[in-house]
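Each chain, written out:
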Amino acid sequence: MTQFSDIGLSTQASEDLTIKLNGLLSNYQIQYMNARGFHWNIKGKNFFELHLKFEEIYDQLLLKVDELAERILTIGGQPLHAFSDYLERAEIQEAKNITDGNEAVTTLLNGFTLLLKQQREILGVASDAEDEGTAALMSDYIKEQEKLVWMLKAYLG
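Criteria and cut-off values
- Residues numbered from 1 in each chain as written.
- Predicted model: local features only at pLDDT ≥ 70, side-chain atom pairs only at ≥ 80, totals over all residues.
- Heavy atoms only, no water.
- Helix = DSSP H or I, 4+ residues; strand = E, 2+ residues; numbered from the N terminus.
- Buried < 20%, exposed > 50% of the residue type's maximum accessible area, 1.4 Å probe, protein only.
- Contact = heavy atoms within 4.5 Å.
- Expected span 1.5 Å × (residues − 1).

Turning next to the environment of Leu115. Counting through the fold element by element, Leu115 comes out in helix H4 (residues 101-128). A relative accessible area of 0% places Leu115 in the buried class. Spatially, the C-alpha atom of Leu115 lies 7.2 Å from that of Leu24, the residues being 91 residues apart in sequence. With near-sequence residues (within four places) excluded, Leu115 lies in contact with Leu24, Asn27, Tyr28, Gln31, Ile92 and Gln145.

Below, the discussion takes up helix H5 (residues 132-156). If you check H5, its first and last C-alpha atoms are 36 Å apart, about what 25 residues at 1.5 Å a residue would give, namely 36 Å. Turning to H5, its buried residues are Thr134, Ala135, Leu137, Met138, Tyr141, Ile142, Gln145, Leu148, Val149 and Leu152. Here the buried face of H5 lies against helix H1 (11-41), helix H2 (47-74) and H4. Phi turns positive one or two residues past the end of H5, at Gly157, with a value near 90°.

Before going further, it helps to spend a moment on H2. If you check H2, its first and last C-alpha atoms are 40 Å apart, about what 28 residues at 1.5 Å a residue would give, namely 40 Å. Within H2, the full set of buried residues consists of Leu50, Phe54, Ile57, Tyr58, Leu61, Lys64, Val65, Leu68, Ala69, Arg71 and Ile72. Each element contacted by the buried residues of H2 is listed here: H1, H4 and H5. After H2 finishes, the residue Gly76 shows a positive phi value of roughly 95°.

Now the structure itself:
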């Protein structure tokens with residue numbers, strides 16, 4: 001017999017989604033730290049433009065980190081919170097000592113491309129589980145990041 005949580009999701013679906021969302025949370029944390037590092041360390045002729053853009057990006061990433069952790073709690077899971085866990089699970093790699101604008105933008109672009117792929121997978125799993133809350137969150141993130149990917153690609157020419 002299928003068991004259901006207080007919010008009406010099957011407990012098995014909630015457990016499966018928690019694993020996937022923690023993987024996504026891990027990638028978001030690394031992407032956040034990369035953007036933050038680029039903001040601090042960027043140099044060159046596009047410094048002012050990129051310094052501001054990287055701040056905008058890391059602010060948005062930080063909001064999503066919090067939303068993801070709260071979503072995991074909402075569906076009955078436990079969000080990861082140790083950076084060692086993030087490093088172990090993330091597909092996005094840490095970016096160290098990058099000061100070149102094009103390299104930083106390319107690194108962020110690659111990270112967002114990975115996040116989009118992962119979010120589309122979670123959207124499908126959430127939809128199959130009738131988890132409208134997670135599906136809506138993924139849909140919102142996808143819409144926003146598709147535009148950001150376009151803009152980052154346009155910047156690179």
